[in-house]
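Examination of the molecular architecture
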Amino acid sequence: MAKLKAIESRLSAPKSRFDTMKKATGSWRGDLSAAKRGYDRRWREYRARYLNEHRYCRYCLQQHGLLGTESNEVIEDRFDAVALVRMRASVVDHIIPHRGDIKGADSLFWRESNHQPLCKHCHDSVKQKEERGL
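Here's a quick rundown of the structure. (Residues numbered from 1 in each chain as written. Predicted model: local features only at pLDDT ≥ 70, side-chain atom pairs only at ≥ 80, totals over all residues. Heavy atoms only, no water.)

Points about the packing of aromatic side chains
Any pair of aromatic rings gets described here by the distance separating the centres and the angle formed by the planes. Under the criterion given, the structure shown has 8 aromatic pairs. Here Trp 43 and Tyr 46 contribute two aromatic rings whose centre-to-centre distance is 5.5 Å and whose plane-to-plane angle is 40 degrees, an arrangement assigned as tilted. Here Trp 43 pairs with Tyr 46, and both are found in helix α2 (residues 41-53), just 3 residues apart, close to one helical turn. Aromatic rings pair up to connect Tyr 39, Trp 43, Tyr 46, Tyr 50, Phe 109 and Trp 110 into one cluster. Against the face of Trp 110 rests Arg 42, its NZ or CZ located 3.9 Å from the ring centre. When the ring centre of Tyr 56 is taken as reference, the NZ or CZ atom of Arg 88 above it lies at 6.0 Å. (Phe/Tyr/Trp six-rings, centres within 6.5 Å; stacked < 30°, edge-to-face > 60°. Helix = DSSP H or I, 4+ residues; strand = E, 2+ residues; numbered from the N terminus. Lys NZ or Arg CZ within 6 Å of the ring centre and 35° of its normal.)

Written as structure tokens, this is what we have:
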């Protein structure tokens, strides 16, 4: 009985999404881990404090005719519990992308005036469209 020969695959190994993104965009991220890009314990602690002070998504508030700078108490008095849950911010967004400018207290990464609270939905859709110029 004849042995079967292994057939070589004509398919190349799939490229990771990360490699594809890096080559397509020339991203500053390179092969850096999140911690090396600045998203370390210090950032996580800052993020928790910031989101406690700025609880609601700036874009969602603007859709309801607010500036997004009102106090949490004013917002909580104006909306019902369901709306507040939908507008809850979970992302500290950099208004101007920092693109690796993380050194020093006044870098784009750490400058509080360059931060805004966004919900995940607005960050992943509206903000990304803005950055792409769509």
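Now that the structure has been shown, the text picks up again.
What about helix α6 (residues 120-132)?
Taking 1.5 Å as the rise per residue, α6 with 13 residues should run 18 Å; its terminal C-alpha atoms sit 17 Å apart, in good agreement. For α6, the complete set of buried residues consists of Cys 122, His 123 and Lys 127. Among the structural elements, α3 (58-63), β1 (91-94) and β2 (115-118) are those in contact with the buried residues of α6. Count one or two residues on from α6 and you reach Gly 133, which has phi positive near 75 degrees. (Expected span 1.5 Å × (residues − 1). Buried < 20%, exposed > 50% of the residue type's maximum accessible area, 1.4 Å probe, protein only. Contact = heavy atoms within 4.5 Å.)

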